[in-house]
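Structural overview
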Amino acid sequence: MLDVEKNGHILELYIKTNETNSLGREFFRKFREVLEQAENDRSVKSILLSGRNDKFFSNGFDPDIFVGKNLEEIKEVLREALGACGRVLFSPKPVVCAMNGHSMGVGAVIAIFSDYRILVEKKGRLGFPESLIGINFPSTAGTVLKDLVGMKTARDLLYSGRGLKADEAVQVGLVEESATPEEVITKARKWCSQFQDMAMESVVGVKIALRDSQRLLADTLEKRDVDLLAQAIASSNGQEGMKSIQERRRPVFT
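Only a predicted model underlies this, so the values are computations on that prediction, with no experimental measurement involved. (Residues numbered from 1 in each chain as written. Predicted model: local features only at pLDDT ≥ 70, side-chain atom pairs only at ≥ 80, totals over all residues. Heavy atoms only, no water.)

Some details on the sheet that holds strand β1 (residues 2-7)
What counts, and what does not: Strand pairing is assigned whenever DSSP identifies at least 2 bridges connecting the two strands. Starting at the N terminus, helices and strands are each numbered in turn, a helix being any DSSP run of H or I of at least four residues and a strand any DSSP run of E of at least two. A fitted line through C-alpha atoms represents every axis, and for helices the fit uses only the stretch in contact; the resulting angles, taken between N-to-C directions, go from 0 to 180 degrees.
Strands sit in the order β1-β2-β3-β5-β7-β9 across an open sheet of six strands; the sheet is mixed. Whereas interior strands pair on both sides, the edge strands pair on one side only; in this sheet they are β1 and β9 (177-179). Shown here is a sheet whose adjacent strand axes are inclined to one another by a mean of 20°, direction ignored. Direction of pairing for β1 relative to strand β2 (residues 10-15): antiparallel, over a ladder of six bridges. Note that in β2 the partner of Asn7 across the bridge is Ile10.

Quick look at the structure:
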């Protein structure tokens, strides 16, 4: 589900769920638990996040956690999922996301919530396909995306649902750099290495300074994000979108 390895000052986390590295409730529980432990471990100065899959960093939510569920059940799952994602965004330790393959939906949200991003060349795509499956996009994640690439690019990415290749993602400022499959972890570790000899107080203090304005907004928007996303998923079009993922077909909306 989540492989955890300590590599000196780096805590390395590797998503390992299924053939597409889709994410379910148990993953988010484990992910949050590990991130909470890392916050209190002074020997951890940075976190490296990647996947154990040749094609997917993460293809987003596992649709099984939403199909056939009522509104309250969906809200309960989303609270856990968005709470775990928030742990990435507001972790006091810098997070480097090494996307070894496709990064879509909530997988892409985890990526943009990280402090640094690397996307594998050729086979990797980074995108937000929510509009293609009939659901909305959380406002907190939308704010982070706008901060990274600007309003116009964020608008176009969200309405189109298009996945960007590595060179395109670098060009718009969505990722720091691209890498071959052989280089992606090595490059991520290099980004982590800048924190090895820094005082922990400096690392944490800078991270707080960079994220505090987003934290205040996220606290305000948290309930609204859960409510609106749950309503969209529970709707007939949202359920059709989730079923289309299960059945590997295009959705048909009403």
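What about the pairing of β2?
Basically, it comes down to this: Each residue is placed in one exposure class: buried if its accessible area under a 1.4 Å probe, protein chains only, is under 20% of its type's maximum, exposed if it is over 50%, and partly exposed if it falls in between. Every crossover in which the path from the first strand over the helix to the second runs clockwise, viewed with the strands pointing away from the viewer, is termed right-handed.
Burial of β2 is extensive: six of the six residues sit out of reach of the surface. Side chains Ile10, Glu12 and Tyr14 project from β2 onto one buried face, and the interleaved Leu11, Leu13 and Ile15 project onto a second face that is buried too. Between β1 and β2, which pair antiparallel one after the other, the connecting turn spans two residues, and Gly8 there sits at a positive phi close to 65°. Two strands pair when backbone bridges link them, and β2 and strand β3 (residues 46-51) are joined in this way by six bridges, in the parallel orientation. Residue pairing for β3: Glu12 is matched across the bridge by Leu48. Between the parallel pair β2 and β3, the chain is carried across by helix α1 (residues 25-39), and the sense of this crossover is right-handed.

Some details on the pairing of strand β7 (residues 116-120)
Of all five residues that make up β7, five are buried, and the element is covered over most of its length. Here β7 shows no split at all, with Tyr116, Ile118 and Val120 on one side and Arg117 and Leu119 on the other all buried. Where strand β5 (residues 95-99) and β7 come together, four bridges link them in parallel fashion. Within the sheet, the bridge partner assigned to Cys97 lies in β7 and is Arg117.

Digging into the pattern of salt bridges
For clarity, the threshold we go by: Here a salt bridge means any side-chain nitrogen of Lys or Arg lying within 4 Å of a carboxyl oxygen belonging to Asp or Glu.
Following the criterion strictly, the structure yields 24 salt bridges and no others. A salt bridge links Glu39 to Arg87; the shortest N-O distance between them is 2.9 Å. Residue Glu39 is located in helix α1, and its partner Arg87 is located in helix α2 (residues 71-89); the two are separated by 48 residues in the primary sequence. Lys75 serves as the salt-bridge partner of Glu72, at 3.8 Å between the closest nitrogen and oxygen. Of this pair, Glu72 and Lys75 both sit in helix α2, three residues apart, which is roughly one turn of the helix. Connected through salt bridges with shared partners, the residues Arg25, Glu26, Arg29, Glu76 and Glu80 form a single ionic network.

Overview of the nonpolar core
How we decide: In this description, a nonpolar core means a group of buried Ala, Val, Leu, Ile, Met, Phe, Trp, Tyr and Cys residues linked to one another through side-chain atoms lying within 4.5 Å. In what follows, a contact means two residues having at least one pair of non-hydrogen atoms within 4.5 Å.
Among the nonpolar cores identified, the biggest contains 62 residues, and Leu13, Phe28, Phe31, Phe66, Leu78, Phe113 and Leu174 are the most heavily contacted of them. Beyond its immediate chain neighbours, meaning those up to four positions away, Phe66 contacts Phe61, Ile74, Val77, Leu78, Ile233, Gln239 and Met242. Counting 15 residues, the second largest nonpolar core, distinct from the first, contains Ile10, Ala98, Ile185 and Cys192.

Remarks on the packing of α2 against helix α3 (residues 106-113)
Defined as follows: For this classification, under 35 degrees means roughly parallel, over 145 means roughly antiparallel, 65 to 115 means roughly perpendicular, and everything else is oblique. Definitions for this section: a left-handed crossing has its near helix turned counterclockwise from the far helix by less than a right angle. A right-handed crossing has that turn clockwise.
One way to put it is that α2 packs onto α3 with a least axis distance of 8 Å and a crossing angle of 25°. By the angle between their axes, α2 is roughly parallel relative to α3. Here α2 and α3 pass one another in a crossing that is right-handed. Of the residues in α3, those in contact with Cys85, Gly86, Val88 and Leu89 of α2 are Val106, Ile110 and Phe113.

Some remarks on the side chain of Asn21
Rules: Pairs of N or O atoms are called polar contacts if they sit within 3.5 Å, as long as, within protein, a hydrogen donor faces a hydrogen acceptor (for residues adjacent in sequence, only side-chain-to-side-chain pairs).
On the secondary structure map, Asn21 appears in the loop between β2 and α1. Classification of Asn21 as buried rests on a relative accessible area of 0%. A polar atom in the side chain of Asn21 sits 3.2 Å from the backbone oxygen of Phe57. If we ignore the near neighbours within four places in the chain, the residues touching Asn21 are Ile15, Lys16, Gly51, Arg52, Asn53, Phe56, Phe57, Ser58, Asn59 and Gly60.

Considering the sheet that holds strand β4 (residues 56-58)
Pairing is parallel in the open sheet, where three strands are placed in the order β4-β6-β8. A strand with exactly one partner marks an edge of an open sheet, and here the two such strands are β4 and β8 (126-127). The sheet contact formed by strand β6 (residues 102-104) and β8 spans two bridges and is parallel. Paired with Met104 across the strands is Gly127, a residue of β8. α3 contacts β4, β6 and β8 of the sheet and is inclined by roughly 95° relative to β6.

Looking at the environment of Ile10
On the secondary structure map, Ile10 appears in strand β2. Owing to a relative accessible area of 4%, Ile10 belongs among the buried residues under this scheme. Along the chain, Ile10 and Cys192 lie 182 residues apart, while their C-alpha atoms are 7.0 Å from each other. With sequence-adjacent residues up to four places away left out, Ile10 is seen in contact with Glu5, Ser46, Leu48, Arg189 and Cys192.

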